[in-house]
Structures are given as structure tokens and as C-alpha cells.
Amino acid sequence: MAKKYWLMKTEPSSYSITDLANEKKQTTCWDGVRNYQARNFMRDEMKIGDSVLLYHSNAKPPAVVGTAVIVRESYPDFTAWDKNSKYFDPKSSQTEPRWFMVDIQLDQTFAEPIALDALREVKALDDMVLLQKGSRLSVQPVRKKEFDTILKLAGRKK
DNA sequence: GCCAACGTTGGC
DNA sequence: GCCAACGTTGGC
């Protein structure tokens, strides 16, 4: 199976790329996803070694801030079972888990975040899911061409 | 803080 | 299975 590319959103006020950088082994479980489409991508399609763009939403400015890799494939999101978690979902049981997550490890933090505005100016990114009107999927596929384009932008000297 | 665009829920 | 009401996302 060919390597796939993804984009995962997070609000830096709740969990930022800096938080990821400070984790043991710079690895974390991507918990709290409560959208079926996003869940399906994590549960069914993400494989170890796939690359991920990390995106800060509700940030100033909203931007792609770095990359990560999948280091553990889907397993039940146990926060759904925890009554004290804000991600608690009484409809998810141990025997029939409703929500899943993967583990990701930080790959690189971009020296300069690539702002949403800048992404919109790049022709090669016109079809990116992130840039489509009304798109708010928190876990979404990215084309290799798009991933490579963004890496190139990140590497460009200012 | 506003609000457009989506997604989910639940009555019927 | 429709759809109105409600809740959430996320840029601005």
C-alpha cells in the first residue's frame, strides 16, 4: 500500500505542536475526534509511516505548523469511556467502541508556519480539502503533490 | 464575538 | 425518512 498523506487540525489553545514537541518521544494519541468522516480516515486508512501536516485552527494566523508521522494504527479512543473526560460519549462501549484514534510522532516543526492566506495563494493547492469553502473536517486526506508543495514552502528562505 | 456552513438529533 | 432545531467549527 502506497504511503498516504493527511492533515490534522488542532486548536493550539487546547493542544499545540509545542505540546507535541514536549511529549515523551514527541508522540501522542490523537484523541477527541468525534466526527464520523474523520474517524473513518483514522480507523480505516491511516497506516504506520503515513505523513501528516499539523494545522493550527483558531490561531493567529491559522497555519500549517509542521509535520508528523503515524506511529500506531487505529485503536479505540478510550476518552469516550471516561465519564470525566470532555470527550465522554455514553454511546461508545468497550465491546462496541464508536470512536478511534491513532498515535502520531512529531517529524518537524516548521521554522515559519505557513499561514492559511499563503496557502490560498498557491495554485497547486487550489484543490486542497482544507481550502474548500465550508470545509471543516479535522482529519483529511492530502495529495502527495500538495504535501510536497507545502514542504517546499516551509523550506524556502524568507 | 459574529455568523456561515455543516453535522447531529429527535419528533413526527 | 424528512426536516426543523440545535450544536459545533473555525475564519474573520
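Up top is the structure these notes are about.
Here, residues in each chain are numbered from 1, in the same order as that chain's written sequence. The lettering of chains begins at A and the numbering of ligands begins at 1, in the order of writing. Only residues with pLDDT of 70 or above have their local features reported here, since the model is predicted, and side-chain atom pairs are shown and tallied only from 80 upward, although totals for entire chains, interfaces and linings are computed over all residues. To get the side-chain values, all heavy atoms of the structure are used, and hydrogens and water are removed first.

### Here we look at empty space enclosed by the protein
No. 1: Put simply, the grid is 1 Å and covers the protein atoms alone, a cavity is a trapped set of points that fit a 1.4 Å probe, a pocket is an open set with protein on both sides within 12 Å along at least five of seven lines, and lining residues have an atom within 4 Å of a point. Grid points are joined across faces, edges and corners, and a volume is the space filled by probe spheres set on the points. Scanning the entire structure with this criterion turns up one cavity of 30 Å³ or more.
No. 2: Taken together, the elements giving at least two residues each to the lining of the largest cavity come down to α1 (17–21) and β3 (51–56).
No. 3: The residue classification treats Ala, Val, Leu, Ile, Met, Phe, Trp, Tyr, Cys and Pro as nonpolar and Asp, Glu, Lys and Arg as charged. All others, Gly included, are polar. Residues of the lining of the largest cavity, tallied by class, amount to six nonpolar, three polar and no charged. Numbering goes from the N terminus for both helices and strands, where a helix is a DSSP run of H or I of at least four residues and a strand is a run of E of at least two.

### Focus: the sheet that holds strand β4 (residues 63–76)
No. 1: Note on pairing: two strands pair once DSSP finds at least 2 bridges between them. With mixed pairing, six strands are arranged side by side in an open sheet as β2-β5-β4-β3-β1-β6. Strand pairing shows two members of the sheet lacking a second neighbour, β2 (27–29) and β6 (139–142), which therefore form its edges. Along the sheet, successive strands turn relative to each other by an average axial angle of 35 degrees, direction set aside.
No. 2: Across three bridges, β2 lies against strand β5 (residues 100–115) in antiparallel orientation. Bridged to Cys29 within β5 is Asp103. Orientation is described by axes fitted as lines to C-alpha atoms, over the contacting stretch for helices, and by angles from 0 to 180 degrees between their N-to-C directions.

### What to know about the packing of aromatic side chains
No. 1: Stacked, tilted and edge-to-face are the three classes assigned to paired rings of Phe, Tyr and Trp, where Trp is represented by its six-membered ring and a pair needs centres within 6.5 Å; plane angles under 30 degrees give stacked, over 60 edge-to-face, the rest tilted. Applying the stated rule across the entire model yields four aromatic pairs.
No. 2: With a centroid separation of 4.8 Å and 45 degrees between ring planes, the pair formed by Tyr5 and Phe147 is classed as tilted. Of the two residues, Tyr5 sits in strand β1 (residues 5–10) while Phe147 sits in helix α4 (residues 144–155), which places them 142 residues apart along the sequence.
No. 3: Charge-over-ring placement is defined geometrically: NZ (Lys) or CZ (Arg) within 6 Å of the ring centre, and within 35 degrees of the ring normal. The ring of Tyr75 carries Arg72 above its face, with NZ or CZ at 3.4 Å from the centroid.

### Things to note about the protein's contact with DNA strand C
No. 1: If you check the shell around DNA strand C, you find Lys9, Tyr55, Ser57, Asn58, Pro62, Leu116 and Arg136 and nothing else.
No. 2: The term polar contact refers here to a pair of N or O atoms within 3.5 Å; inside protein, the definition further demands a hydrogen-donor-capable atom paired with an acceptor-capable atom, and it admits residues adjacent in sequence only when both atoms are side-chain atoms. At a separation of 2.7 Å, a phosphate oxygen of DNA strand C approaches a polar side-chain atom of Lys9.
No. 3: Asn58 has a polar backbone atom sitting 3.0 Å from a phosphate oxygen of DNA strand C.
No. 4: Of the residues in the surface near DNA strand C, the class split is three nonpolar, two polar and two charged. Nearness here has a simple test: a residue counts as near a molecule or strand if at least one of its heavy atoms is within 4 Å of that partner.

### Here's the deal with the protein's contact with DNA strand B
No. 1: Near DNA strand B you find Tyr36, Lys91, Lys133, Gly134 and Arg136, and these make up its full shell.
No. 2: Per the 4 Å cut-off to the protein, sugar and phosphate atoms form 67% of the nearby atoms of DNA strand B.
No. 3: Taking Lys133, its side chain carries an N or O atom lying 2.9 Å from a phosphate oxygen of DNA strand B.
No. 4: In this structure, a base oxygen belonging to DNA strand B sits 2.6 Å away from a side-chain N or O atom of Arg136.

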